[in-house]
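# Summary of the model geometry
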Amino acid sequence: MTMKKRVLYVGIATLLCLSACGSKEEIESSNPVIEKNIWEQSQSTTGVIEFQKLAEAEARAFETTKEQEKLYSAKNGVMKTVGVGDGTEEEVSYRPYQIPDSWQPDQVDGGTQPMNYIYRVSENGLKMGVQLYTLNAYQTSPLSGGEIMKKEEVTQGLKADGQDFIQETSISINDQEWQVGYEVKPENKAAKITFYRLEDTGNFDDSVIVGSVVYPLSSEYLNQEETVMTTVSQLKTILYQVAANRQTEIVAVTP
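Residues numbered from 1 in each chain as written. Predicted model: local features only at pLDDT ≥ 70, side-chain atom pairs only at ≥ 80, totals over all residues. Heavy atoms only, no water.

Helix and strand counts for the protein stand at five helices and 11 strands. A buried classification covers 48% of the 255 residues belonging to the protein. By element, 46% of the accessible surface of the protein is carried by carbon and sulfur atoms, the whole surface being about 12300 Å². (Helix = DSSP H or I, 4+ residues; strand = E, 2+ residues; numbered from the N terminus. Buried < 20%, exposed > 50% of the residue type's maximum accessible area, 1.4 Å probe, protein only. Areas by Shrake-Rupley, 256 points an atom, 1.4 Å probe, with all protein chains shown as cover.)

Per the stated rule, a full pass over the model turns up 12 salt bridges. As a salt-bridge pair, Asp 106 and Arg 120 come within 2.4 Å of each other at their nearest N and O atoms. Of the two residues, Asp 106 sits in strand E4 (residues 104-108) while Arg 120 sits in strand E5 (residues 116-123), which places them 14 residues apart along the sequence. Overall, Arg 120 belongs to the partly exposed group, its relative accessible area being 29%. (Salt bridge = Lys/Arg side-chain N within 4 Å of Asp/Glu carboxyl O.)

Turning our eyes to something else, we now look at the nonpolar core. By size, the foremost hydrophobic cluster in this structure holds 45 residues, and its most contacted members are Tyr 97, Tyr 182, Ile 193 and Phe 195. Here the element with the most residues in this core is helix H5 (residues 224-244); it accounts for eight residues. Residues in contact with Tyr 97, not counting those within four places in the same chain, are Gln 68, Glu 69, Lys 70, Leu 71, Tyr 117, Tyr 119, Leu 132, Ile 238, Gln 241 and Val 242. Listed in part, the 11 residues of the second largest apolar core include Tyr 138, Met 149, Tyr 196 and Val 208. (Core = buried A, V, L, I, M, F, W, Y, C linked by side-chain atoms within 4.5 Å. Contact = heavy atoms within 4.5 Å.)

What follows is about unusual backbone geometry. A positive phi angle, near 55°, is found at Asn 124, a position not held by glycine. Tracing the sequence through the fold places Asn 124 in the loop between E5 and strand E6 (126-136). Look at Lys 189: it is not a glycine, yet its phi comes out positive at around 55°. Of note, Lys 189 is situated in the loop between strand E8 (176-185) and strand E9 (190-198).

Next up on the list: the packing of aromatic side chains. If you walk through the whole model with that rule in mind, you get five aromatic pairs. Taking 5.6 Å as the distance between ring centres and 40° as the angle between the ring planes, the aromatic pair formed by Phe 51 and Tyr 182 counts as tilted. Of this pair, Phe 51 sits in helix H3 (residues 51-55) while Tyr 182 sits in strand E8; the two residues are 131 residues apart in sequence, bridging distant segments of the chain. Each of the two residues, Phe 51 as well as Tyr 182, counts as buried. Aromatic pair Phe 165 and Tyr 196: ring centres 6.4 Å apart, planes at 10°, arrangement stacked. Taken together, the residues Phe 165 in the loop between helix H4 (151-160) and strand E7 (167-173) and Tyr 196 in strand E9 connect sequence positions 31 residues apart. (Phe/Tyr/Trp six-rings, centres within 6.5 Å; stacked < 30°, edge-to-face > 60°.)

Because an α-helix completes one turn every 3.6 residues, residues spaced three or four positions apart along the sequence face the same direction. Regarding H4, the residues found buried are Val 154, Thr 155, Gly 157 and Leu 158. Projected down its long axis, H4 carries its buried residues within an arc of 160°, all on one side. In H4, those exposed residues whose orientation departs by more than 90 degrees from the buried face are Glu 152, Gln 156 and Ala 160. The elements touched by buried residues of H4 are E6, E7, E9 and strand E10 (207-216). The positive-phi residue at the C-terminal boundary of H4 is Gly 162, with phi of around 120°. (Arc of directions from axis to C-beta.)

We now examine the confidence of the model for the protein. Taken residue by residue, the protein gives an average pLDDT of 80. The fraction at 70 or more is 76%. In this model, residues 1-13 is a region of pLDDT below 50 whose contacts with residues beyond four sequence positions or in other chains number 46 contacts. (pLDDT = per-residue confidence, 0-100.)

A few words now on the pairing of E8. Among the 10 residues that make up E8, nine are buried, leaving the element largely enclosed by the rest of the structure. Inspection of the sheet shows E7 paired to E8 by seven bridges, in the antiparallel sense. Pairing of Ser 172 across the sheet is with Glu 177, part of E8. Between E7 and E8, which follow one another and run antiparallel, lie two residues, and Asn 174 among them has a positive phi close to 55°. Both E8 and E9 contribute to a ladder of seven bridges, which runs antiparallel. Among the inter-strand pairings, Lys 185 is bridged to a residue of E9, identified as Ala 190. (Pairing = 2+ DSSP bridges.)

Here is the structure:
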């Protein structure tokens, strides 16, 4: 598999710490070894939210920021140039979207395209992280005869990149089909729900779109379940936007 490795855990350690480490006032420090069977513990003591309920949260409108964000499509080993010689530029594909005004952007890998975005979310004292990025949808460049990946290959690729889903399902965001994976990190007292969609339109900029929410496994927060559900619902709205709208722009070719 030649999927470019842009692991969901790039920068995610920070998010897990934001979600699970917190201040002593937010989450009490614990030296004893954390139970490995945290998934089996009751919701009242761990803050675990039923996976299917979380996966099926309805997309929700939100008050947006004024600035438009751009999620760049996967490259798939293709560069579409415009002009010749010193005037050569590149036509790149991106998907415009907006974020809730309460989210704090923290862009990483800013010098590359596609880019990997991390957002910090703090609601009702609960700190969460959201990540959004794209992966190649072709095993090899379509210019070299590469074919779009099969769904099983995408799932295997995500797992090879570090995902450790303990539950999986399929859901719809309006008319779009999305796959969902869920994992728990007991050592970080955090859980993560990941949504991903393989595009197959025949275009060279087809992508695997990936979005996730990382949140703490704690029942100490007021309205914890409702707060996490709201963030997941907002992410779903963004995912629908980026999957439904592709645009292009011309950029200078990086030497």
